[in-house]
Amino acid sequence: MRRTGQATAYLLRGGVTAVAAAGAMLALAMAGALCLVLIGVPLLVETIRVVRLLAAVERRRAGRLLGGAVPQRYAEPSGSSFAQLRTLARDPATWRDLLWLVLHAMAGTSLALCCLAVWLCAIIAPVVTLVWWVPDGAPIAFFVTIDSWTRALAVSLPIAVGSAALLIWAGPVFAAAQAKAYRALLAPSARDRLTVRVEQLSTTRAAALDAHAAELRRIERDLHDGIQARLVAVAIQLGLAQRQRDTDPDTANQLVERAHAGVEQTLTALREVVRSIYPPILADRGLAEAVRTLAAESPVPVRASIGALMRPPAAVESAAYFIAAEALTNVVKHSGATEITLTLDQGGNRLVVEVTDNGRGGADPSLGTGLAGVADRAAALDGRTTLHSPAGGPTTLRVELPCAS
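Residues numbered from 1 in each chain as written. Predicted model: local features only at pLDDT ≥ 70, side-chain atom pairs only at ≥ 80, totals over all residues. Heavy atoms only, no water.

- Where an unreviewed UniProt entry is consulted, the protein chain appears under the name histidine kinase, with the organism given as Dactylosporangium fulvum.
- Among the UniProt annotations of the protein chain, the heading Catalytic activity (unreviewed entry) holds the following wording: "ATP + protein L-histidine = ADP + protein N-phospho-L-histidine." (UniProt positions renumbered as here; feature names shortened; annotations may be inferred.)

Structure (structure tokens):
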């Protein structure tokens, strides 16, 4: 019954949009005729925009019935009315919308009327028996003359049962067929999808290259301004100690001790730089233990939930680690949270990192909190980032990374 109700609603609403489609066809014809005297060009552009709105409504309807959104891709016109019309005319999506408009104006109206007729038969047929019997038993005409219970049941029962069977079986079939046909017609072509995919890969590749260059600059700055300066200081102290070794042994020993302490500090800084490149714990103990270590070192209590993991590729493993580290750092710095939940799990061929906090919410990647970097790092691996952060919290950051080898 639920499928029958959904199919009925889809077909009957399709009749309404089919009437709108017929009106849009008439408006297109009028605007096209007025284009001969040029004043119809702006009207034609606006009418095509209305057709796009109708097609968008049909995409949503088909997506709700079939499950899943129907994608769309349009070239956005700009400039003068003539320039906009040229852009619209060159866009394959425009012609797909116009073809749908013609088909829907005919098929949508027909299917809606058929559905309405079957429903009326299913409702009226049982009522005929009561209409014949209740007043005075006078004969009535319903396909045939009904003047007895035998004829009443012989006529109304088959019609009612047949109409109900059509509604239950044929209604969902026709509705699904119409939705699938419209989805196939209104969805971007394979070439359009390939173009979108190339654009996405170009964007993520550029972001990955920018992030890589920024990382190299950071490493170079850390080595030059930090470790190199420390090593220079150690070399100077050792040189001074060597000169004063014979004349002032006590000062020389103090300089050697300072140099020794400087070497230890330099080694610590060098380990931090190495960890920022590729944490040794990843290679030694794996992603699960590395994330547990991050959780244990966080100043805000972290409840870590780590599922069964198969060893992902090194690039994915490193990205997941740094995403978790950046997410925890963001929570500590910006959210004011008192509790964090970190989930690391692997489902099918995707590795999922999810961080939830009970902070103030309102996280915005455009504010420079590191969330944009997380999204870029995931996008470079063809991953997907989802952020839900209403004002007042809680905030949930979910990153899915493909990990198929």
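Resuming the write-up.
**Details of the packing of aromatic side chains**
Thinking step 1. Taken as a whole and judged by the stated rule, the model has two aromatic pairs.
Thinking step 2. Between Trp100 and Tyr182 the ring centres are 6.2 Å apart and the planes differ by 85 degrees, which places this aromatic pair in the edge-to-face class. Placement of the pair is Trp100 in helix H4 (residues 92–133) and Tyr182 in helix H5 (residues 149–186), with a sequence separation of 82 residues. The same class applies to Trp100 and to Tyr182, which are both buried.
Thinking step 3. Each ring, one from Tyr321 and one from Phe322, has its centre 5.4 Å from the other, and the planes form 80 degrees; the classification is edge-to-face.
Thinking step 4. Residue class for Tyr321 comes out buried when judged on its relative accessible area of 5%.
Thinking step 5. Classification of Phe322 as buried rests on a relative accessible area of 16%.
Thinking step 6. Above the face of the Tyr10 ring, Arg61 is positioned so that its terminal group lies 4.1 Å from the ring centre. (Phe/Tyr/Trp six-rings, centres within 6.5 Å; stacked < 30°, edge-to-face > 60°. Helix = DSSP H or I, 4+ residues; strand = E, 2+ residues; numbered from the N terminus. Buried < 20%, exposed > 50% of the residue type's maximum accessible area, 1.4 Å probe, protein only. Lys NZ or Arg CZ within 6 Å of the ring centre and 35° of its normal.)

**Notes on the sheet that holds strand E4 (residues 340–347)**
Thinking step 1. The sheet built from five strands is open, its strands ordered E3-E4-E5-E7-E6 with mixed pairing. Two strands lie at the open edges of the sheet, namely strand E3 (302–306) and strand E6 (384–388), each paired on one side alone. Averaged over neighbouring strand pairs, the angle between their axes works out to 10 degrees when direction is ignored.
Thinking step 2. By the bridge criterion, eight bridges tie strand E5 (residues 350–357) to strand E7 (residues 395–402) in an arrangement that is antiparallel. Bridge assignment links Thr356 to a residue of E7, and that residue is Thr396.
Thinking step 3. Helix-sheet contacts for helix H9 (residues 314–335) involve E3, E4, E5 and E7, and the interaxial angle to E5 is about 10 degrees. (Pairing = 2+ DSSP bridges. Axes fitted to C-alpha atoms, helices over the stretch in contact; angles between N-to-C directions. Contact = heavy atoms within 4.5 Å.)

**Thoughts on the side chain of Asp91**
Thinking step 1. Of note, Asp91 is situated in the loop between helix H3 (81–90) and H4.
Thinking step 2. Given the relative accessible area of 7%, Asp91 is considered buried.
Thinking step 3. A polar contact of 3.2 Å, which involves the side chain of Asp91, links it to the side chain of Arg52.
Thinking step 4. Once residues lying within four places of it in the same chain are set aside, the contact partners of Asp91 are Arg52, Tyr74 and Ala75. (Polar contact = N/O pair within 3.5 Å; in protein donor to acceptor, adjacent residues only side chain to side chain.)

**Re the UniProt feature "transmembrane region" (unreviewed entry) in the protein chain**
Thinking step 1. Here the UniProt-annotated "transmembrane region" (unreviewed entry) positions come out as residues 20–45, 100–133 and 153–177.
Thinking step 2. Secondary structure over residues 20–45 splits into 81% helix and 0% strand, and the C-alpha atoms at its two ends are 17 Å apart.

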